[in-house]
Amino acid sequence: MSELFYDAAPNATRVAPERAKPRTYPARPEEVTLFGTCVVDLFFPEAGLDAIRLLEREGIRVHFPQEQACCGQPAWTSGYVNEAREVARAQLNLLDNGLPVVVPSGSCAGMFRQHYREVFADEPDTLKRVDDLAERTYELTEFLLHVCKVDWQDLGQPTRIALHTSCSARREMNTHLHARELLGKLANVTRLDHDHESECCGFGGTFSVRMPEVSGAMVLDKTRSLRESGAVEMVTADGGCLLNINGSLEKQHQAFRGRHLASFLWERVSGEAMS
Amino acid sequence: MSQRIPVTELTDSFRGRAVGALADNQLRTNFRVAMDSLMKKRADAFPDEEEREGLRELGNHIKARALSRLPDLLEQLEAKLTANGVHVHWAETTEDANRIVHSIIEAQKGTQVVKGKSMVSEEMEMNDFLAERNIECLESDMGEYIVQLDGEKPSHIIMPAIHKNRFQVAKLFHDKLGVDETEDVNELIQIGRRTLRQKFLEADVGVSGVNFAIAETGTLLLVENEGNGRMSTTAPPVHIAVTGIEKVVENLRDVVPLLSLLTRSALGQPITTYVNMISGPRKADELDGPEEVHLVLLDNGRSGAFADAQLRQTLNCIRCGACMNHCPVYTRVGGHTYGEVYPGPIGKIITPHMVGLHKVPDHPSASSLCGACGEVCPVKIPIPEMLQRLRQENVKSPAEHPKVKDGGAKYSRKERALWRFWVTLNTSPGFYRLFLWAATRFRKLAPKNVGPWTENHTAPVPARRSLHDLAKAHLNQGDR
């Protein structure tokens, strides 16, 4: 981008350029595609199903293309661009039908919204399709709040929870306040803050196995502050963080657990206690 | 992926040093407490989000604009400084820079140097170079003085001794200076001050860094809080400033927002106690100031980063340290774990250009890519994006011509093969579904030990049925 300023007259940039505008949302669509994400697919499938139920409850027909796989993030964050691009291309082709794409994970949604642009930086024609996908990709909480404009009645018993927000949701998707707002609609749910809430849980994909000691120290601190928050459980809208936090809690023989926000929300609004 | 390596084989690596740091509870407490306080100070210094974001955007544009004209601005700076009576020297390597500094001191027959805080001089390892040539180089910044006294390197670019608490400093002063052990911070500062005061008067040469080098006027701007910078640059007869080539900006007006970003991001200060603007040696009718002023402009790999449009953004850095203050990795392992002069997120993206990836192969991967650094960077360096790019350069094969110095440090055929398999799995829907079926069907057979993961976690067990399976049953339809 610096080339842009090469010919700029000296002293040209005196005033801050206009900031990016907040995202605008369309009216509720009739149909959407759910991109389940590979972690939810294999380890938290109920959360994916609950996401479908939450969307159906709003009168939306949900499609789940059986050809979907991983978004490409693990290879991308490991530096394997060509490998990430091949997998990303498969998903891009699959989702190339104009339907809104709802993703129950901030980091995978962030791949579609932000990183596919970098993955396909050398392919101008593909970039048009990438932009189109980015434009209609929504993280689940964002979609429920701003597109569905959900109006819920809390059918659950009073409870206290801690909310863990993934770094991708917080810093890439800017959806960190959405889950809070959704939870705020539930009359019997008290959300408790925890210490160093905005700090990473230490997952970082392959970071957790490349730097296990540092990652381990981070998740130990995160689980401690979650447990000490006074909450009875943790909820999060990201499968990676959930895998990390629950795996660590189990290793520590702690009874405290986290679960996917979609499952928690479905339980509250449907009155069904899910397994 | 990475195998569990015995820690004993890791001592000379990021991971090995991290293990040591993580086991040091005192160190971890010192960093956590200090970083928490710095994060709060920064937040308090930017109460208005709108103003903060506008200012960051402006800072980014100013630096981008300056870098886009870097060669021109450096020439302009040289011409202006020369007209002002400042001697300008160019150094491609740290070795060159040290030789230049040494020859200036030698010309003065100097034996004592007093130094204001300068990370570039740390980069040059100037103290060691001069000590080998029987020139004493004393650090006059309190934090630098403490680490020098203890034979250490800085652990933070703004607060070099942040890894020590006051009790540790008290003991150090007692041991090294023979003073009574006192935990009173003011008294500790006075002890350092008394020692340094005499040195300022005795020194033959003063060395300092530069925060902004202003091309239009030929001005070297230096911020500091202790007054030692002003003493180092005015009391001795000769002043040598050392700086990286990326510090040049167009004019003084550009400095106003950058300075505000720097001091607020670093320590939450509206402005530093001292702002020095050095525009030349003492003039005939002036009562004080040095008789000679030199500026050494150091490249040391910066032009390598400059040559790449994406990596060039690394050179936006104004060295505020906010990225390390907000980094969950830095907070836990401290600055020395990075093993190089610049620690933390900025260290991870700038050091490879200076020393090559072979020397710091773990730097790009020692991050969860949480993005806290990029979020607070006052000049909006997309640090996670830079790390990502360095990871790409790090795993390239020689045939793929890595574009960063000593790239391909982590190239591994075995790992590449694993990723090729992962591609096949994720681009062959039938194969992927077969994998899901097998993983859920034989979930009890999932390995209980999955390498480094099971150091910190139980092994993940696949669900009974995959989402593919559940969704198909629920939606009662095949594709879409």
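Bear in mind the structure is a predicted one, so any value in this text is a computation, not a measurement.

With that out of the way, let us pick up the domain arrangement of chain B. Assigned domains of chain B: these are domain 1 (7-40 + 320-400), domain 2 (46-300) and domain 3 (413-475). Centre-to-centre separation of domain 2 of chain B and domain 3 of chain B, based on C-alpha positions: 54 Å.

Turning our eyes to something else, we now look at the pattern of salt bridges. Tallied over the full model, the rule gives 59 salt bridges over all chains. The network of salt bridges with shared partners includes A:E199, A:D221, A:R224, B:R28, B:R32, B:D36 and B:R332.

Glancing now at the sheet that holds strand β3 (residues 136-139) of chain B. Pairing between sheet strands relies on hydrogen bonds along the backbone, with the strands arranged either parallel or antiparallel. Residue and element names in this part refer to chain B. The sheet built from six strands is open, its strands ordered β1-β10-β7-β4-β2-β3 with parallel pairing. Every interior strand has two partners, whereas the edge strands, β1 (86-91) and β3, have only one. Shown here is a sheet whose adjacent strand axes are inclined to one another by a mean of 20°, direction ignored. In terms of strand pairing, strand β2 (residues 112-115) meets strand β4 (residues 205-208) through three bridges, oriented parallel. Each residue of the ladder has a partner; that of V113, found in β4, is V205. Where helix α10 (residues 185-202) meets the sheet, it contacts β2 and β3, and its direction lies at approximately 135° from that of β3.

For the rest of this paragraph, the subject is the sheet that holds strand β6 (residues 189-192) of chain A. All names here are of chain A. Read across the sheet, four strands follow the order β6-β5-β7-β8 without closing on themselves; strand pairing throughout is parallel. Each edge of the sheet is formed by a strand with only one pairing partner; in this case those strands are β6 and β8 (258-260). Along the sheet, successive strands turn relative to each other by an average axial angle of 40°, direction set aside. Set on the sheet, helix α12 (residues 239-251) makes contact with β5 (159-164), β7 (233-236) and β8; between it and β8 the angle comes to about 155°.

Our focus in this paragraph is the packing of helix α2 (residues 45-57) of chain A against helix α22 (residues 467-475) of chain B. Interhelical geometry of α2(A) versus α22(B) gives an angle of 30° and a closest axis separation of 8 Å. In terms of crossing hand, the pair formed by α2(A) and α22(B) is right-handed. Packed against α2(A), whose contacting residues are A:P45, A:E46, A:G48, A:L49, A:I52, A:R53 and A:E56, the element α22(B) presents B:L467, B:L470, B:A471, B:H474 and B:L475 at the interface. The residue inventory of the contact of α2(A) with α22(B), partitioned by class, reads seven nonpolar, two polar and three charged.

So, about the nonpolar core. Ranked by internal contacts, the top residues of the largest apolar core, which has 88 residues, are A:V214 and B:I240. At six residues, the largest contribution of residues to this core is made by helix α12 (residues 252-267) of chain B. Of all hydrophobic cores here, the second largest spans 40 residues; its members include A:L54, A:V62, A:W266 and B:L470.

Before going further, it helps to examine the environment of B:N25. Residues and elements named next belong to chain B. Looking at the secondary structure, you find N25 in helix α2 (residues 25-45). For N25, a relative accessible area of 56% gives the class exposed. When the C-alpha positions of N25 and R332 are compared, they lie 9.8 Å apart, and in sequence the two are 307 residues distant.

Moving on, we come to the packing of helix α4 (residues 81-94) of chain A against helix α6 (residues 124-135) of chain A. Residue and element names in this part refer to chain A. Two elements in contact, α4 and α6, have axes whose closest approach is 11 Å; the angle formed by their N-to-C orientations is 65°. As α4 packs across α6, the resulting crossing turns out to be left-handed. Residues R89, L92 and N93 of α4 form the contact with α6, whose participating residues are T126, R129, V130 and L133. Of the residues that constitute the contact of α4 with α6, the class distribution is three nonpolar, two polar and two charged.

Calculation criteria
- Residues numbered from 1 in each chain as written.
- Chains lettered and ligands numbered in written order.
- Predicted model: local features only at pLDDT ≥ 70, side-chain atom pairs only at ≥ 80, totals over all residues.
- Heavy atoms only, no water.
- Domains from an automatic or database assignment.
- Salt bridge = Lys/Arg side-chain N within 4 Å of Asp/Glu carboxyl O.
- Pairing = 2+ DSSP bridges.
- Helix = DSSP H or I, 4+ residues; strand = E, 2+ residues; numbered from the N terminus.
- Axes fitted to C-alpha atoms, helices over the stretch in contact; angles between N-to-C directions.
- Contact = heavy atoms within 4.5 Å.
- Left-handed = near helix turned anticlockwise from the far one by under 90°.
- Nonpolar A, V, L, I, M, F, W, Y, C, P; charged D, E, K, R; others polar.
- Core = buried A, V, L, I, M, F, W, Y, C linked by side-chain atoms within 4.5 Å.
- Buried < 20%, exposed > 50% of the residue type's maximum accessible area, 1.4 Å probe, protein only.

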